[in-house]
Amino acid sequence: MGHGTNRVEDMASPNNGTTAPATANARETIVEIHSVCLPPKKTALQKLKKRFGDVFFPDDPLERFRNQTWRNRMILGLQSLFPIFTWGSQYDLKLLRSDVVSGLTIASLAIPQGISYAKLANLPPIVGLYSSFVPPLIYSVLGSSKHLAVGPVSIASLVMGSMLSESVSPTQDSILYLKLAFTSTFFAGLFQASLGLLRLGFVIDFLSKATLIGFTAGAAVIVSLQQLKGLLGIVHFTGKMQFIPVMSSVFSHRSEWSWETILMGLGFLAILLTTRHISMRKPKLFWISAASPLASVVISTLLVFLIRNKTQAISFIGHLPKGLNPPSSNMLYFSGSHLALAIKTGIVTGILSLTEGIAVGRTFASLKNYQVNGNKEMMAIGFMNMAGSCTSCYVTTGSFSRSAVNYNAGAKTAVSNIVMASAVLVTLLFLMPLFYYTPNLILAAIILTAVIGLIDYQAAYKLWKVDKFDFFTCMCSFFGVLLVSVPLGLAIAVGVSVLKILLHVTRPNTLEFGNIQGTQIYQSVKRYREASRIPGFLILAVESPIYFANSTYLQERILRWTREEEARIKENNGSTLKCIIFDMTAVSSIDTNGIEALFELRRRLEKQSLQLVLVNPVGSVMEKLHKSKIIESLGLSGLYLTVGEAVADLSSTWKAHGQP
């Protein structure tokens, strides 16, 4: 192919993929130029179908159904909807033994945590146990993780408690508060299941790691400070969740501090923290930290029972009703002035619990080299919470602490959740009176021990070292939760994250390239010292799509590069600038605004006697450029496959025409 005759080749051309010498009569050397090809022709429907599939079905879920009989398709469909049928047929006694051990182990942790986290959400303690019974049973049938241990978690409990208590008092209007908690749980489940069914899981990606690190740390501090009520024995305590009101309440009620409560609380807190530290240092001793909460509950309950006649300073739980979860579908609140609050709380807690559950599930799946399907997990957690809202449960998800214990205890399948639920069932039916004298201080100590691990200062330090903007996002989230409120702190962090995305989109990075001597490699002159500018050329690249949001900026930025280069040449008495080479390798897409910006840029450069050359546009970009006729307007030497070919060919052309 001669240079300038067929600069753009159609993929259907018989010469596709070949190279040909581009020659000129006066040239001393032959420069080989590769054609820039158009992508294969596709109809608009084909493009839409592919794009739709890439966005919503990146895992191609229907692949396993192809070339199968109707019977096999029905079996595969059943396994897809209910993962329990995938592993259930191979289940044996050996697996059962492992699951029973791990299930009983996590039950010893789930029972005290369930009671504690319900108090954190300002709910009756029994609701925490209800939430450790029904949801795990549903998840064991619908979930795809083998190690995820389901139940109430601290962050979701805190968020629900703080958001609902801002408008409704959990003590003065306890029935309405309970209704809103169940309704929020229903909407959380509906939102989660909808994300899974509509394959919109990318929505939760707006909660970046930096946001979650700051949010969980801030929430952990607030949760810890809230536990001072139980550890100090304070009766009249603020219902607010901000740092200053909580600390003010602690010191303004010093007269209510109880030395008996403080002594016992700090003693058990020290025991729980010590056992946690031992298990972290020696993972084989995981059972020590797993058993210590229940053991502490038993011992503290026995102590309070023995000294009940000698002191009244230590508060305890009191009566807890026996029996299975009562139905609560009649308590769902679908009309009234607080419906918006229930929906908002449900969406926020739903996003947070979904993010935690999927992250935990994927963490342990990677350790055992199996796959956790994100959309299935969304549906499983969503349906679990919807069913839970009708059986007196509040928001539940996969807990990291319980899942870690489940993994270390040797769990093989989701049957460990069934065993845990069975242990909770026995507790609900027969053992509830034993918790009558369980002191509130032990619940506070259990929560404190659990949330301390959420303060990941090492991760925050790593953010500071790697990405200062991510660290700033983390701090916004942390101090927003600590000083403003839990939901607003989260909203501030998400807003900062979105701002970061907008900055990257609207103000993309632009680079000036130079040639690494002795090679055909062109790289940033600022990054590589050995990269040198080519006389007569200004080689630029942009690392982003070209959209309406950044097209004007990029046009002005390239013109500024041109002015600066001409000034530099004038200052150094260099060769006259003749050509702007725009490397489009990293431009993944372009819209009509971007194309118009290129037209305008070419026109403005022509007025300055400068040539614009495009290099290596990707398939979709090339197709749009071809249809817009911009390729024709650039001329015969306006499009190349590589920067090296553009420089060599244009230099040869200038030389042939006697230009310096």
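Residues numbered from 1 in each chain as written. Predicted model: local features only at pLDDT ≥ 70, side-chain atom pairs only at ≥ 80, totals over all residues. Heavy atoms only, no water.

Where an unreviewed UniProt entry is consulted, the protein chain appears under the name STAS domain-containing protein, with the organism given as Brassica carinata.

Asks: Tell me about the pattern of salt bridges, and please be specific about residues and values.
Replies: Counted under the stated rule, the structure contains eleven salt bridges. When the shortest N-O distance is used, the salt bridge between Lys627 and Glu623 registers 3.6 Å. Separated by four residues within a single helix, Lys627 and Glu623 lie in helix α24 (residues 619–627), roughly one turn from each other. Note that Lys629 and Glu632 form a salt bridge whose closest N and O atoms lie 4.0 Å from each other. According to the relative accessible area criterion, Lys629 is partly exposed, its value standing at 48%. You can call Glu632 exposed: its relative accessible area is 60%. Via salt bridges that share partners, Glu512, Arg533, Glu565 and Arg568 belong to a single interconnected network. (Salt bridge = Lys/Arg side-chain N within 4 Å of Asp/Glu carboxyl O. Helix = DSSP H or I, 4+ residues; strand = E, 2+ residues; numbered from the N terminus. Buried < 20%, exposed > 50% of the residue type's maximum accessible area, 1.4 Å probe, protein only.)

Asks: Give me the lowdown on the environment of Lys119, citing residues and values where you can.
Replies: Along the chain, Lys119 falls in helix α4 (residues 93–120). Since its relative accessible area comes to 38%, Lys119 is described here as partly exposed. Between the C-alpha atom of Lys119 and that of Val621, which follows or precedes it by 502 residues, the distance is 57 Å. Not counting chain neighbours up to four residues away, the residues in contact with Lys119 comprise Pro125, Asn440 and Leu443. Among the polar contacts listed, one links the side chain of Lys119 to the side chain of Asn440, at a separation of 3.3 Å. (Contact = heavy atoms within 4.5 Å. Polar contact = N/O pair within 3.5 Å; in protein donor to acceptor, adjacent residues only side chain to side chain.)

Asks: Tell me what's going on with the packing of aromatic side chains, and back it up with residues and numbers.
Replies: Going through the model one piece at a time under the given rule, you end up with 16 aromatic pairs. Ring centres 5.5 Å apart and planes at 65° place the aromatic pair Phe305 and Tyr437 in the edge-to-face group. Of this pair, Phe305 sits in helix α13 (residues 286–306) while Tyr437 sits in the loop between α17 (415–431) and α18 (440–452); the two residues are 132 residues apart in sequence, bridging distant segments of the chain. On the basis of relative accessibility, which here comes to 22%, the residue Tyr437 falls in the partly exposed class. Pairing Trp464 with Phe471 gives two aromatic rings, centres 5.2 Å apart and planes at 70°, and the pair type is edge-to-face. Under the relative-accessibility criterion, Trp464 is labelled partly exposed at 41%. Taken together, the aromatic side chains of Phe305, Phe316, Tyr436 and Tyr437 make up a single cluster linked through ring pairs. (Phe/Tyr/Trp six-rings, centres within 6.5 Å; stacked < 30°, edge-to-face > 60°.)

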